[in-house]
Amino acid sequence: MAALGWLTPRRRSATARSVLAGEASAEAARKTARSDAPPHPAPAAPQAPETASGTGTDITAPPTEAAAEPAFPVPGDDLAAAFFDLDNTVMQGAAIFHFGRGLYKREFFRRRELARFAWQQAWFRLAGVEDPEHMQDARDSALSIVKGHKVSELMSIGEEIYDEYMAERIWPGTRALAQAHLDAGQKVWLVTAAPVETATIIARRLGLTGALGTVAESVDGVYTGRLVGEPLHGPAKAEAVRALAAAEDLDLARCAAYSDSHNDIPMLSLVGHPYAINPDTKLRKHARAHDWRLRDYRTGRKAVKVGVPAAAGVGAIAGGAAAAIALHRRRK
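Chemist: Describe the packing of helix α3 (residues 95-105) against helix α6 (residues 151-166), and please don't skip the residues or the numbers.
Modeler: In the contact formed by α3 and α6, the axes pass within 9 Å of each other and the chain directions differ by 105 degrees. Relative to α6, α3 is oriented roughly perpendicular. The residues of α6 that touch α3, namely those facing Ala95, His98, Phe99, Arg101, Gly102, Leu103 and Lys105, are Leu154, Ile157, Gly158, Ile161, Glu164, Tyr165 and Met166. Its residues assigned to classes, the contact of α3 with α6 comprises eight nonpolar, three polar and three charged.

Here it is as structure tokens:
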């Protein structure tokens, strides 16, 4: 698919569209950033995970080496902030697929589209990496579905979908890392290819500062079915972080970034404290080569060894969709 050329490894540098997407995302994030306590109580954060006996595994250095490191994040450092990828870093699975399930429940689209969402989600969970064609197809579907709907309507529905499908999928270990930055007095931002409205809801529910996400064009509060720039993916994420850091007077060398995907290497490379969380194979290799810290909050030796998420629910999603399709065919 020629339209996906910007996502392939052959073109990793920023384009004019990715710069536009990043700047639009940064502007939207600053407008919606949390200025006081969130309307929904943020979940209690577990203690920061450091060992396999806790909520996660630090797989970079032995305990004796980790203990010798200076405290991080640094309390009171207002020139620092933290940037967290969302899908499979903060939350199990992909936010846009859960959002799609919620819209299907509310009859925004038909069973055929649900089956495609379910297959893409199952592939994502089993493979542990983002497939550009699946992600692009999902975003195109979402744009066509929301075209003509009010932004306020989708925001209200997004709150409900978070409770239904997302709240229980937050990784406690990553949540603890984000809370550590908040406790140190630093701002914490989600950075995701998911719609900025969905990302903002998740950030607010977790008590984070705000979110950088894909910006869908709207006129007079109604979605047009077009994007501003391109999806916030790969180089566009890095551009969004760069733009936000400039607007917030942050020192990127003192900031931290967290992600599971090699697609986010441009973003991780911007900051002085990059972390690979539940890393895919390519990111794990890159992180080790560059002495980045790694943490894995998935369960099971297979997940730690080869990067396959061992999260429950794949069978329920993909199997349920397959069963529905089979039943539909038998009734014909």
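Chemist: Run through the environment of alanine 216, naming residues and quoting values.
Modeler: Checked against the element boundaries, alanine 216 lands in strand β5 (residues 216-219). For the pair formed by alanine 216 and proline 231, sequence separation is 15 residues and the distance between their alpha carbons is 8.9 Å.

Chemist: Describe the packing of helix α1 (residues 16-32) against helix α9 (residues 235-248), naming the residues involved and giving the relevant values.
Modeler: Their axes nearest at 7 Å, the elements α1 and α9 cross at an angle of 45 degrees. Taken together, α1 and α9 sit at an angle that is classed as oblique. Judged by the sense of rotation from one axis to the other, the crossing of α1 with α9 is right-handed. For the pair α1 and α9, contact is made by Ser18, Val19, Ala21, Gly22, Glu23, Ser25, Ala26 and Arg30 and by Pro235, Ala236, Glu239, Ala240, Ala243, Leu244, Ala247 and Glu248, respectively.

Chemist: So what about the confidence of the model for the protein? Which residues, and what values?
Modeler: Averaged over all residues, the pLDDT of the protein is 74; the fraction at 70 or higher stands at 64%. Contacts for the low-pLDDT stretch residues 59-68, under 50 throughout, to residues beyond four places or in other chains number eight contacts. Taken together, the stretch residues 300-332 has pLDDT below 50 and engages in 44 contacts with residues farther than four places along the chain or on a different chain.

Chemist: Pulling in residues and values, what's your account of helix α11 (residues 281-289)?
Modeler: Listed as buried for α11 are Leu283, Arg284 and Ala287. End-on, the buried residues of α11 take up no more than an arc of 100 degrees, which puts them together on one face. The exposed residues of α11 that point more than 90 degrees off its buried face are Thr281, Lys282, Lys285 and Ala289. The opening residue of α11 is aspartate 280, an N-cap whose side-chain oxygen sits 3.3 Å from the backbone nitrogen of lysine 282. Backbone geometry just after α11 places aspartate 291 at a positive phi near 60 degrees.

Chemist: I'd love a proper account of helix α8 (residues 196-205), names of residues and values included.
Modeler: Counting buried positions over the ten residues of α8 gives nine, a clear majority of the element. Among the residues making up α8, those that are buried are Val196, Glu197, Thr198, Ala199, Thr200, Ile201, Ile202, Ala203 and Arg205. Against the buried residues of α8 lie α1, α3, α6, β3 (187-195), β4 (210-214) and β6 (222-227). Immediately downstream of α8, the backbone of glycine 207 shows phi near 75 degrees, a positive value.

Chemist: Can you tell me about the packing of aromatic side chains, naming the residues and giving the values?
Modeler: Under the criterion given, the structure shown has three aromatic pairs. Here phenylalanine 72 and tyrosine 275 contribute two aromatic rings whose centre-to-centre distance is 6.4 Å and whose plane-to-plane angle is 15 degrees, an arrangement assigned as stacked. Linking phenylalanine 72 in the loop between α2 (63-67) and β2 (81-85) with tyrosine 275 in strand β8 (residues 273-277), this pair joins segments that are 203 residues apart in sequence. Residue classification places tyrosine 275 among the buried residues on the basis of a relative accessible area of 8%. Their ring planes at 5 degrees and their centres at 4.1 Å tell us that phenylalanine 84 and tyrosine 258 sit as a pair that is stacked. Of the two residues, phenylalanine 84 sits in strand β2 while tyrosine 258 sits in strand β7 (residues 256-259), which places them 174 residues apart along the sequence. Considered together, phenylalanine 84 and tyrosine 258 belong to a single accessibility category, that of buried residues. A connected cluster of aromatic rings, assembled from ring pairs, spans Phe72, Phe84, Tyr258 and Tyr275.

What counts and what doesn't
Residues numbered from 1 in each chain as written. Predicted model: local features only at pLDDT ≥ 70, side-chain atom pairs only at ≥ 80, totals over all residues. Heavy atoms only, no water. Axes fitted to C-alpha atoms, helices over the stretch in contact; angles between N-to-C directions. Helix = DSSP H or I, 4+ residues; strand = E, 2+ residues; numbered from the N terminus. Parallel < 35°, antiparallel > 145°, perpendicular 65-115°, else oblique. Contact = heavy atoms within 4.5 Å. Nonpolar A, V, L, I, M, F, W, Y, C, P; charged D, E, K, R; others polar. Left-handed = near helix turned anticlockwise from the far one by under 90°. pLDDT = per-residue confidence, 0-100. Buried < 20%, exposed > 50% of the residue type's maximum accessible area, 1.4 Å probe, protein only. Arc of directions from axis to C-beta. Polar contact = N/O pair within 3.5 Å; in protein donor to acceptor, adjacent residues only side chain to side chain. Phe/Tyr/Trp six-rings, centres within 6.5 Å; stacked < 30°, edge-to-face > 60°.

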